[in-house]
Amino acid sequence: MDTVNHGSCEMYADDSCVSVTGDDTAVIKAQLEENAQLISTWLQVNRLALSPEKTEFMLVGGKRESKITRNEQHTITVGGNEINQKSYIKLLGIILDNDLTFSSYLNGTKDKEHKGLLQTLANRIWLLNRVRKKCTENTCRMLTNGIFMGKLLYGLELWAWQNPQIPKQLQILQNKAGRIITGLTWQTPITEIMERSKWLNIENTIKYQTINTLYKMRLEGQPEYILNYIMNRRATIASDIPRHDVVQSWELQRSFIPRASKEWNLIPKEIRELQPKKFKKELKLTDAFIGHKISEKWTILDYILYRQGNEVEFKIISVGEDKSFVTEEGPLSDHPALFIEVSI
């Protein structure tokens, strides 16, 4: 969006986020108010309305910044309404706090308005345990992938390494969910539980999500500001990425760009050089959902690919999207709950 004069404006559906950087709160406040006025004018011209009651703003600063004091209270004026400063905001389902530690998202906000991801996952494990006796292992696995793993995976590559204890806590929760699905005892090795649940452990899941996100970014060329930062314009999809993991800050070492570039460079080059439109052909894979339309409101994050064996016939009976994973608050998963029924 080119309406703003300062900083940048990122938009997704009906959500917009305006960001401005600086070392003086008075300047930042003036620039934000100017941007807000320009956006308000643009909306009026296009017969749209700004929602001041849904508008929030937050100051973000590191520990060493002296002029930006996050604990001071400031207000900005948007559409004639005063907007109070908040210590956290919710953006596309993820809570960002003013020190970018994701603590509010993981552990809940101090005002108790949001209970946090860890508590949400624990509650869903309790629910799965209640219904386990009434469903088969395959049905329970499908339920768990929808209401537990779907929630866990959302944004995992961004926040999972901000605290070294978080992967450990997530692994404990995943282990509990795996035992519910399989019915295996506490003495069963975790590797066996993960294999039977058809999951990667948390550490490898984080690596996979990180590499997969970076691959999609390089394939689609978006967002440009991140791609321009981590690599030059002439680089191909398969190229190595210059190292960004040598920064001194502990927080920066565990942020997305340093970790993604490090993990990407560890992938064998012959795999990175597989062309996106040819890798299915190279591996002789077929997309089970060819010819089947999934709701356009969803972003497809998962695929079901298969390959026929020489001695075994693999026949698809039906495929589709399970739309029953909803409550009064909306969908239980952040991406389609795909299902496939096969005979072998």
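Below, the structure is looked at part by part. (Residues numbered from 1 in each chain as written. Predicted model: local features only at pLDDT ≥ 70, side-chain atom pairs only at ≥ 80, totals over all residues. Heavy atoms only, no water.)

As for the environment of L121
Thought 1: Its location among the elements puts L121 in helix α3 (residues 117-131).
Thought 2: Spatially, the C-alpha atom of L121 lies 8.8 Å from that of M149, the residues being 28 residues apart in sequence.
Thought 3: Not counting the four nearest positions on each side in its chain, L121 is found in contact with F148, K151, L152, L170 and L173. (Helix = DSSP H or I, 4+ residues; strand = E, 2+ residues; numbered from the N terminus. Contact = heavy atoms within 4.5 Å.)

Looking at the pattern of salt bridges
Oppositely charged side chains can pair when the atoms bearing their charge come close.
Thought 1: Throughout the structure, instances matching the rule amount to 4 salt bridges.
Thought 2: When the shortest N-O distance is used, the salt bridge between E56 and K86 registers 3.3 Å. Here K86 lies in the loop between β4 (81-84) and β5 (88-91) and E56 lies in the loop between α1 (25-45) and β3 (75-78), a separation of 30 residues in the sequence.
Thought 3: The class of E56 is partly exposed, set by a relative accessible area of 39%.
Thought 4: Taking relative accessible area as the criterion, K86 reaches 24% and is therefore assigned partly exposed.
Thought 5: Here E203 and K207 are joined by a salt bridge, their closest N and O atoms 3.7 Å apart. Remark: K207 and E203 occur in helix α8 (residues 202-220); sequence separation between them is 4 residues, near one turn of the helix. (Salt bridge = Lys/Arg side-chain N within 4 Å of Asp/Glu carboxyl O. Buried < 20%, exposed > 50% of the residue type's maximum accessible area, 1.4 Å probe, protein only.)

Side note on the packing of aromatic side chains
Thought 1: Under the definition given, this model contains 2 aromatic pairs.
Thought 2: Ring geometry for Y215 against W264: centres 6.5 Å apart, planes inclined by 20 degrees, an arrangement best described as stacked. In this pair, Y215 sits in helix α8 while W264 sits in helix α11 (residues 256-265), placing the two residues 49 residues apart along the sequence.
Thought 3: The class for W264 is buried, based on a relative accessible area of 2%.
Thought 4: The ring centre of Y88 lies 4.6 Å from the NZ or CZ of K86, which sits over that ring. (Phe/Tyr/Trp six-rings, centres within 6.5 Å; stacked < 30°, edge-to-face > 60°. Lys NZ or Arg CZ within 6 Å of the ring centre and 35° of its normal.)

A word on the environment of I125
Thought 1: Following the sequence through the fold, I125 ends up in helix α3.
Thought 2: Overall, I125 belongs to the buried group, its relative accessible area being 8%.
Thought 3: Here the alpha-carbon distance between I125 and A177, two residues 52 residues apart in the chain, equals 6.1 Å.
Thought 4: Sequence-distant contacts of I125, that is, excluding residues within four places in its chain, are made with F148, L173, K176, A177 and I180.

A short note on α8
Thought 1: The end-to-end C-alpha distance of α8, which contains 19 residues, comes to 27 Å, matching closely the 27 Å that a straight helix rising 1.5 Å per residue would cover.
Thought 2: Inspection of α8 places I202, T205, I206, Q209, T210, I211, L214, M217 and R218 among the buried residues, and these make up the whole buried set.
Thought 3: Against α4 (137-153), α5 (156-159), α6 (165-182), α9 (224-230) and α11 lie the buried residues of α8. (Expected span 1.5 Å × (residues − 1).)

Side note on a nonpolar patch on the surface
Thought 1: A grouping of V312, V342 and I344 is seen on the molecular surface, where their side chains present a nonpolar patch of about 280 Å² in accessible area.
Thought 2: Along the polypeptide, I344 turns up in the segment after β12 (338-343). (Patch = residues over 30% accessible without salt bridge, like charges linked within 9 Å, V, L, I, M, F, W, Y side chains within 5 Å. Areas by Shrake-Rupley, 256 points an atom, 1.4 Å probe, with all protein chains shown as cover.)

Considering the state of the cysteines
Thought 1: One pass over the full model with this rule turns up 0 disulfides.
Thought 2: With no disulfide of its own, C9 lies closest to C17 among cysteine sulfurs, the gap being 7.7 Å.
Thought 3: On the basis of relative accessibility, which here comes to 8%, the residue C9 falls in the buried class. (Disulfide = S-S within 2.5 Å.)

Description of the packing of α3 against α6
Thought 1: Between α3 and α6, the least distance of the axes is 10 Å, while the angle of their chain directions is 10 degrees. The orientation of α3 relative to α6 falls into the category roughly parallel. For the pair α3 and α6, contact is made by L118, L121, A122, I125, L128 and N129 and by I166, Q169, L170, L173, K176, A177 and I180, respectively.
Thought 2: When grouped by side-chain class, the residues that make up the contact of α3 with α6 number 10 nonpolar, 2 polar and 1 charged. (Axes fitted to C-alpha atoms, helices over the stretch in contact; angles between N-to-C directions. Parallel < 35°, antiparallel > 145°, perpendicular 65-115°, else oblique. Nonpolar A, V, L, I, M, F, W, Y, C, P; charged D, E, K, R; others polar.)

Function cannot be inferred from these measures alone, as they are strictly geometric.
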